[in-house]
Amino acid sequence: MSLPTGRVRSASAPGTADDDERPRRSDARQRRSALLTAVGELIAERGTEFPLAEAAERAGISTATAYRNFSDTGSAVDAYFAELMGDLLDAFDRLPVGDDPISDIRVLCHEWVAQATRWGAAAVHMRSPRGLLARRNVEDPFIGGLYDRLARLVETAMTRGRLPQQDVRFAVLMWVTIFDERVVIDLTGSLGWSEKTAADHLTEALLRTFGVPAAVIPRAIFG
């Protein structure tokens, strides 16, 4: 059915319904973002058992608005986790690729610690009882994406002779284990280390696990 004028209005023309819709969509995105921020804060404080209405109050939005976004607390927690994991993979994808794969590994490790420092306290409450490889084998989208990115770096480093040949699956499993967000939170919170100090030490532990010669590790971390 055509518009009363008999023609379709341009989406970019002033005074259209789309012009009115854009601010509403922007406001809706901001409310959803504020709600997810509040969800993350509550998870970090006491886990995933809290009413959605409490997250709405903290976000400064109505309970009705919260329920227009999510059916219950569980779906809001799932959305928070999905966004968090998506942001982590996006951050990895934005990292520059250099000539030395060991340097690329170091850069990713530092980004990982920076990310985990922000959301680690919440993430520890959403851990799966299954291991990394088991979750990858059942096609967990995030785990598959994380595994692929880490495995690619390990394989490149081995191909270029910067890492000794090894089982890539074990190497990735050790990488994820060493950079467990609980470890990051312990180092930066309990020990009071800076993000850089924590990242440097964890990267050193990782490279030792990968079999990088001890003489090379300081240069690999700080070079």
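Refer to the structure above for everything that follows.
Below: a short report on this structure. In this numbering scheme, every chain counts its residues from 1 along its sequence in written order. Thresholds applied to this predicted model are a pLDDT of at least 70 for local features of residues and 80 or more for the giving and counting of side-chain atom pairs; totals over whole chains, interfaces and linings are not thresholded and use all residues. Side-chain metrics in this entry use all non-hydrogen atoms of the structure; hydrogen atoms and water are not considered.

1. A word on the overall build of the protein chain
A run of H or I in DSSP counts as a helix once it spans at least four residues, and a run of E counts as a strand once it spans at least two, with each numbered from the N terminus. Per the secondary structure count, the protein chain includes eleven helices and zero strands. If you list the helices and strands of the protein chain from N to C, you get α-α-α-α-α-α-α-α-α-α-α. For the protein chain, with 223 residues in total, the buried portion stands at 39%. For the protein chain, contacts bridging at least 24 residues in sequence account for 63% of all contacts bridging at least 6. Residue exposure ignores everything except the shown protein chains as possible cover, and the areas themselves are Shrake-Rupley values with a 1.4 Å probe. By element, 52% of the accessible surface of the protein chain is carried by carbon and sulfur atoms, the whole surface being about 12400 Å². With a 1.4 Å probe rolled over the protein chains alone, any residue whose accessible area is under 20% of its type maximum counts as buried; one over 50% counts as exposed, and the rest are partly exposed. Residue contacts are defined here by distance: any two heavy atoms, one from each residue, within 4.5 Å place the two residues in contact.

2. Side note on the nonpolar core
Among buried residues, those of type Ala, Val, Leu, Ile, Met, Phe, Trp, Tyr and Cys that are joined through side-chain atoms within 4.5 Å constitute a nonpolar core. Within the largest apolar cluster, 66 residues are counted, with the highest numbers of intra-cluster contacts made by Tyr80, Ile105, Trp112, Leu163, Trp175, Phe179 and Phe210. Apart from the residues within four sequence positions on either side, Phe179 is in contact with Cys109, Trp112, Val113, Val184, Leu202, Thr203 and Leu206.

3. Some words on the side chain of Thr188
With respect to the secondary-structure elements, Thr188 resides in helix H9 (residues 181–190). Between N or O atoms, a polar contact is any pair within 3.5 Å; within protein, one atom must be a potential hydrogen donor and the other a potential acceptor, and residues adjacent in sequence are included only when both atoms are from side chains. Polar contacts involving the side chain of Thr188 include one to the main-chain carbonyl oxygen of Val184, which spans 2.9 Å. For Thr188, the contacting residues outside a window of four places in its chain are Thr117, Trp193, Ser194 and Ala198.

4. So, the pattern of salt bridges
Salt bridges are identified by distance alone: a Lys or Arg side-chain nitrogen within 4 Å of an Asp or Glu carboxyl oxygen. All chains considered together, the criterion is met by eleven salt bridges. When the shortest N-O distance is used, the salt bridge between Asp100 and Arg162 registers 2.9 Å. Remark: Arg162 occurs in the loop between helix H7 (141–159) and helix H8 (168–178) and Asp100 occurs in the loop between helix H4 (73–94) and helix H5 (101–123); sequence separation between them is 62 residues. Arg162 sits in the partly exposed class, given a relative accessible area of 29%. Across the pair Arg169 and Asp167 runs a salt bridge, and its minimum N-O distance is 3.0 Å. In this structure, a network of salt bridges that share partners links the residues Glu41, Glu45 and Arg58.

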